[in-house]
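# Survey of secondary and tertiary structure
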Amino acid sequence: MPRALITGITGQDGQHLSEFLHEKGYEVFGLMKGQNNPKAESLLAEFPFIRLVSGDLTDFSSLVAALRVVEPTEVYNLGAISFVAMSFNQAELTSNVTGVGVLRMLEAIRLVGGPNNNPIRFYQASSSEMYGQVREIPQSELTAFHPRSPYGVAKVFGHHMTVNYRESYGLHASSGILFNHEGPRRGYEFVTRKISHSVARIKLGLQDTLLLGNLAAKRDWGYAGDYVKAMWLMLQQDQPDDYVIATGETHEITEFLQLAFECAGLGDWKKYVGIDKQYFRPAEVDLLVGDASKAEQKLGWKREVDFPSLVEMMVRHDLDMEARRAK
Ligand code: NAP
Ligand code: GDD
């Protein structure tokens, strides 16, 4: 039976990937940080099949110990400080977890090896944030990086380390350059979930306004459930490689706002949305749009959920959730 070790198990993608791998017959292990992580209980309540092992991406020996205990056939490194805005305030921590954490895991895999002398296959959660101030439109695996945040810089480090360990030691290490992906499990700090959650609360009379930052940014937004399938597909290939995963469409935040407020029957979003300087970033990524043709051709991957369906899914989920809470 294949065994997966997932870092970032409590995050949006960790949850989707666990569910997906479990359905495929995997034994699923998750790396859990902290001495009494409050997220453990709710995670196990929803996904009772997950087995937790203690460890932290900033602690090398805990990664070695986790690999020895689990003996995984595949490692998915999803753990990170992933909130770009926070990375400006905690740049050193972000570099350590999101950047050097990748090196620690690669080195641990190289030293520990895999069960029965089978090499462990490794997935690195790289990001479209690495393109930053984009050099070409759309962005592909060949587009140069110009990161615009400490988070983006850390991801570039992790990406290049993954490629380097593949080339230097022959590790089956792949890097998925994933564009923004969202859904009802998205953290509330990210703009799409902040909008869908606020729309639900405004509709139910629990909130009056929604304060946001730069509304002109454009993102290539897909559904997280579609994107974790691409992670798995990368590790099933004979040869490791790097792949862009994206929808190929870009939308302004105002388009997300329009669809979300309409979906809840609230009409014009401008009546409810205000601008607050605190949500602007020292440097912004203005536009992202990915070219996933390599993944489509080589992995047979294709997104299933389109942009309007994604917005609707998130708003309907949050309306139901808030209505249940209000009872
Ligand atoms: P997320 O919801 O923010 O989850 C991040 C996870 O990392 C959490 O489980 C968190 O654990 C864990 N973590 C934080 N610090 C850690 C540490 N020191 N050691 C071990 N684990 C640690 O992120 P996501 O949206 O699921 O994204 C998954 C990965 O894909 C991340 O690496 C992200 O940077 C990358 N990515 C995401 C997107 C996207 O649009 N979602 C796009 C491209 C790349 P706690 O909950 O215990 O803090
Ligand atoms: N979070 C947030 N909150 N963003 C806002 C707000 C707000 O109130 N107002 C405007 N924005 C703008 C941000 O300035 C940014 O341009 C855009 O909305 C998207 O912000 P986020 O949803 O925080 O995502 P992100 O694009 O910065 O980063 C996400 O995607 C990356 C892939 O490109 C994260 O998931 C990263 O971990 C991921 O790598």
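Up top is the structure these notes are about.
Residues numbered from 1 in each chain as written. Chains lettered and ligands numbered in written order. Predicted model: local features only at pLDDT ≥ 70, side-chain atom pairs only at ≥ 80, totals over all residues. Heavy atoms only, no water.

## Some points on the packing of helix α7 (residues 191-203) against helix α9 (residues 253-263)
Rule in force here: Only the stretch in contact is used when a helix axis is fitted, and all axes are lines through C-alpha atoms; the angle between N-to-C directions ranges over 0 to 180 degrees. Elements are defined by DSSP. Helices are runs of H or I of four residues or more, strands are runs of E of two residues or more, and each kind is numbered from the N terminus. Reported orientations rely on four angle classes, namely roughly parallel under 35 degrees, roughly antiparallel over 145, roughly perpendicular from 65 to 115, and oblique for the rest. Here a crossing is taken to be left-handed if its near helix is turned anticlockwise relative to the far helix by less than a right angle, and right-handed if that turn runs clockwise. For this analysis, residues touch if any pair of their heavy atoms sits within 4.5 Å. By the convention adopted, Pro, Cys, Tyr, Trp, Phe, Met, Ile, Leu, Val and Ala count as nonpolar, Lys, Arg, Asp and Glu as charged, and the other residues, Gly among them, as polar.
Look at α7 against α9: their axes get within 10 Å of each other, and the N-to-C directions meet at 30°. With respect to α9, the element α7 is oriented roughly parallel. α7 and α9 meet at a crossing whose hand is right-handed. Note on element contacts: α9 touches α7 through Ile-253, Phe-256, Leu-257, Ala-260 and Phe-261, opposite Val-191, Thr-192, Ile-195, Val-199 and Ile-202. Among the residues making up the contact of α7 with α9, the classes are represented as nine nonpolar, one polar and no charged.

## A few points about the side chain of Thr-162
To be explicit about the condition: Buried, partly exposed and exposed residues are distinguished by accessible area as a fraction of the type maximum, computed with a 1.4 Å probe on protein chains only: under 20%, between the cut-offs, and over 50%, respectively.
Relative to the helices and strands, Thr-162 is located in helix α6 (residues 150-169). With relative accessibility at 0%, the residue Thr-162 sits in the buried group. With residues near it in sequence (within four places) discarded, Thr-162 still touches Val-102, Leu-106, Phe-122, Gln-124, Ala-173, Ser-174 and Ser-175.

## With respect to the nonpolar core
Counted only if it meets this: Nonpolar cores are built from buried Ala, Val, Leu, Ile, Met, Phe, Trp, Tyr and Cys residues. Side-chain atoms within 4.5 Å join them into one set.
Grouped together as the largest cluster of nonpolar side chains are 42 residues, with contacts concentrated most on Leu-17, Leu-21, Tyr-76, Tyr-123 and Ile-245. Broken down by secondary-structure element, the contributors of at least two residues to this core are β1 (3-7), α1 (12-23), β2 (27-32), α2 (39-46), β5 (121-127), β6 (172-178), α8 (224-235) and β11 (242-245). In terms of residue count, α8 provides more of this core than any other element does, eight residues in total. Each residue touching Leu-21, except ones within four places of it in the same chain, is listed here: Ala-4, Ile-6, Tyr-26, Val-28, Tyr-76 and Trp-232. In this structure, Phe-261, Phe-307, Met-314 and Leu-319 belong to the second largest nonpolar core, which totals 27 residues.

## Describing the environment of Ser-87
To keep it simple, the criterion reads: What qualifies as a polar contact is a pair of N or O atoms within 3.5 Å, subject to a donor-acceptor requirement within protein and to the restriction that residues adjacent in sequence count only when both atoms come from side chains.
Take Ser-87: it is sitting in helix α4 (residues 84-89). Those residues within four positions of Ser-87 in sequence are excluded, and the remaining contacts are Thr-94, Ser-149, Pro-150 and Tyr-151. In this structure the side chain of Ser-87 is engaged in a polar contact, spanning 2.7 Å, whose partner is the backbone oxygen of Val-84. One polar contact links the side chain of Ser-87 to the main-chain amide nitrogen of Tyr-151, over a distance of 3.1 Å.

## What to know about the environment of Gly-55
One can find Gly-55 in the loop between β3 (51-54) and α3 (60-70). Put simply, Gly-55 and Gln-35 are 20 residues apart on the chain and 9.5 Å apart in space, counted from C-alpha to C-alpha. Sequence-distant contacts of Gly-55, defined by excluding residues within four places in its chain, comprise Leu-31, Met-32, Lys-33 and Ser-62.

## Focus: the site of ligand 2
Applied cut-off: We call a residue near a molecule or strand as soon as one heavy atom of that residue lies within 4 Å of the molecule or strand. As used throughout, domain bounds are those supplied by an automatic or database domain assignment.
In the region of ligand 2, 23 residues are neighbours, and Ser-82, Ser-127, Tyr-151, Arg-281 and Glu-284 sit closest. In the model, an oxygen atom of ligand 2 is placed 2.6 Å from a nitrogen or oxygen of the Arg-281 side chain. Here the residues of the shell around ligand 2 sort into ten nonpolar, six polar and seven charged. The residue makeup of the shell around ligand 2 includes at least three contributed by each of domain 1 (3-182 + 221-245) and domain 2 (191-219 + 250-288 + 305-326).

These figures come from the coordinates and say nothing about function on their own.
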